[in-house]
Every structure is written in C-alpha cells, then in structure tokens.
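# Tertiary structure, described
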Amino acid sequence: MYAIIETGGKQYRVEPGSLVQVESLPGEVGGRIELGQVRLVHGDSGVQVGQPSVKGATVKAEIIHQGRTRSITRFKKQRRKNYRRTNGHRLGFTKLRITGIEAA
C-alpha cells in the first residue's frame, strides 16, 4: 500500500514505515501528525485518485527530526558594472516516519 501526499507545495510517494524529509512542519520531535492532502491511494481495493484530493483519506506520521539543511548560496553579478551580491539561507525541514495510511 502506498499514497501520494502533498505538503509544502511538493508531492511525495509514501509507504507505511518509510522515512520522508519534507519542508518544515510545526510540532515537536516524537509528536504525531496527520497529513490530509492525499492525492492518490493504492491499496488492496485498487487505486483511488483524488480530484484534487481523496475524500476521507489521511496519512499518519511521527516526527523524527526537526532541522535545517546545508547552507545555500545565491550569487548575482553584472559584468563590467562592479555589481556583486551574495546571499545565503538554510531551509528548515522535518523528517517523518509514516505510521499508517487510512483510505475512506
């Protein structure tokens, strides 16, 4: 059984027991979270495709880690104009362990 979920503007294919790293979600490490934006569920009863999401379907997960990624550097330059700008940032992420998929 697997599902396709959407969180943080991105879609992920998840299965029970799998680990997935998504954009930062609120919650403490060890806490539980429900993801309701389920786009597709594939199980014993076949495939359920949502338009845009499957009604009544949820994916339950446990928060394993809250952290930040490596530094990302952005550099802009215009040649012959002595224009240079350097910016950087670190994105926050949440690592989840999928505990279950429930389809309606």
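Residues numbered from 1 in each chain as written. Predicted model: local features only at pLDDT ≥ 70, side-chain atom pairs only at ≥ 80, totals over all residues. Heavy atoms only, no water.

## Observations concerning the overall build of the protein
Note the threshold: Helix numbering and strand numbering both begin at the N terminus, where a helix is a DSSP run of H or I of at least 4 residues and a strand a DSSP run of E of at least 2. Note that the radius of gyration is over C-alpha atoms, with the globule rule given as 2.2 Å times the number of residues to the power 0.38. When checking whether two residues touch, look at their non-hydrogen atoms; a contact exists if any pair is within 4.5 Å. A 1.4 Å probe and the Shrake-Rupley method give the accessible areas. Residues count as covered only by the protein chains that appear here. Here the positive residues are Lys and Arg and the negative ones are Asp and Glu; neither His nor the chain ends is included. A charged residue contributes its charge at one atom only: NZ of Lys, CZ of Arg, CG of Asp or CD of Glu.
Counting secondary structure elements, the protein contains zero helices and 10 strands. Moving toward the C terminus, one meets the helices and strands of the protein in the order β-β-β-β-β-β-β-β-β-β. A compact globule built from 104 residues should have a C-alpha radius of gyration of about 13 Å, whereas the protein, at 18 Å, is more than 25% larger. Principal-axis analysis of the C-alpha atoms gives the protein an extent of 65 × 30 × 20 Å. The long-range share in the protein, meaning contacts at least 24 apart out of those at least 6 apart in sequence, stands at 64%. Of the roughly 7,300 Å² of accessible surface on the protein, 46% is carried by carbon and sulfur atoms. Mean positive and mean negative side-chain charge positions of the protein (19 and 8 charges, respectively) differ by 23 Å.

## Digging into the pattern of salt bridges
Applicable threshold: Salt bridge criterion: a side-chain nitrogen from Lys or Arg within 4 Å of a carboxyl oxygen from Asp or Glu. The buried label goes to any residue with under 20% of its type's maximum accessible area, the exposed label to any with over 50%, and the partly exposed label to all in between, with areas taken from a 1.4 Å probe on protein chains only.
A complete count under the given rule lists six salt bridges for this structure. One salt bridge in this structure joins glutamate 23 and lysine 10, with 2.3 Å as the shortest N-O distance. Separated by 13 residues along the polypeptide, glutamate 23 in strand β3 (residues 19-23) and lysine 10 in strand β2 (residues 10-14) bring together distant segments of the chain. On the basis of relative accessible area, lysine 10 is assigned to the partly exposed category, the value being 39%. A salt bridge links arginine 32 to glutamate 62; the shortest N-O distance between them is 3.9 Å. Linking arginine 32 in strand β4 (residues 32-35) with glutamate 62 in strand β7 (residues 58-68), this pair joins segments that are 30 residues apart in sequence. We classify arginine 32 as exposed; its relative accessible area is 63%. Residue glutamate 62 is classed as partly exposed on the basis of its relative accessible area of 21%. Linked by salt bridges that have partners in common, Glu34, Lys60 and Glu102 make up one network.

## Some words on the packing of aromatic side chains
Quick note on the threshold: Each Phe, Tyr or Trp ring (for Trp, its six-membered ring) is paired with any other whose centre lies within 6.5 Å, and the angle between the two planes then decides the class: stacked below 30 degrees, edge-to-face above 60, tilted in between. Any Lys NZ or Arg CZ that is within 6 Å of a ring centre and within 35 degrees of that ring's normal is treated as a charge sitting over the ring.
With the rule as written, the count across this model stands at zero aromatic pairs. One cation-aromatic arrangement involves arginine 13 over tyrosine 2; the distance from NZ or CZ to the ring centre is 3.9 Å.

## A short note on the nonpolar core
Soluble globular proteins tend to bury their nonpolar side chains together. For clarity, the cut-off: Side-chain atoms within 4.5 Å are what join buried Ala, Val, Leu, Ile, Met, Phe, Trp, Tyr and Cys residues into a set we call a nonpolar core.
Counting 19 residues, the largest nonpolar core has Val14, Val59 and Leu96 as its most contacted members. Of all the secondary structure elements, the ones that give two or more residues to this core are β1 (2-7), β2, β3, β4, β5 (38-43), β7 and β10 (92-102). Among all residues touching valine 14, those that are not within four sequence positions of it are Tyr2, Ala3, Ile5, Val20, Val59, Ile98 and Ile101.

## Quick look at unusual backbone geometry
That bond from glutamine 51 to proline 52 is cis: its omega, 5°, falls within 30 degrees of zero. Residue position: proline 52 is located in the loop between β6 (46-49) and β7. A positive phi is found at arginine 80, a non-glycine position, where the angle reads about 65°. Along the chain, arginine 80 turns up in the loop between β8 (72-78) and β9 (83-89).

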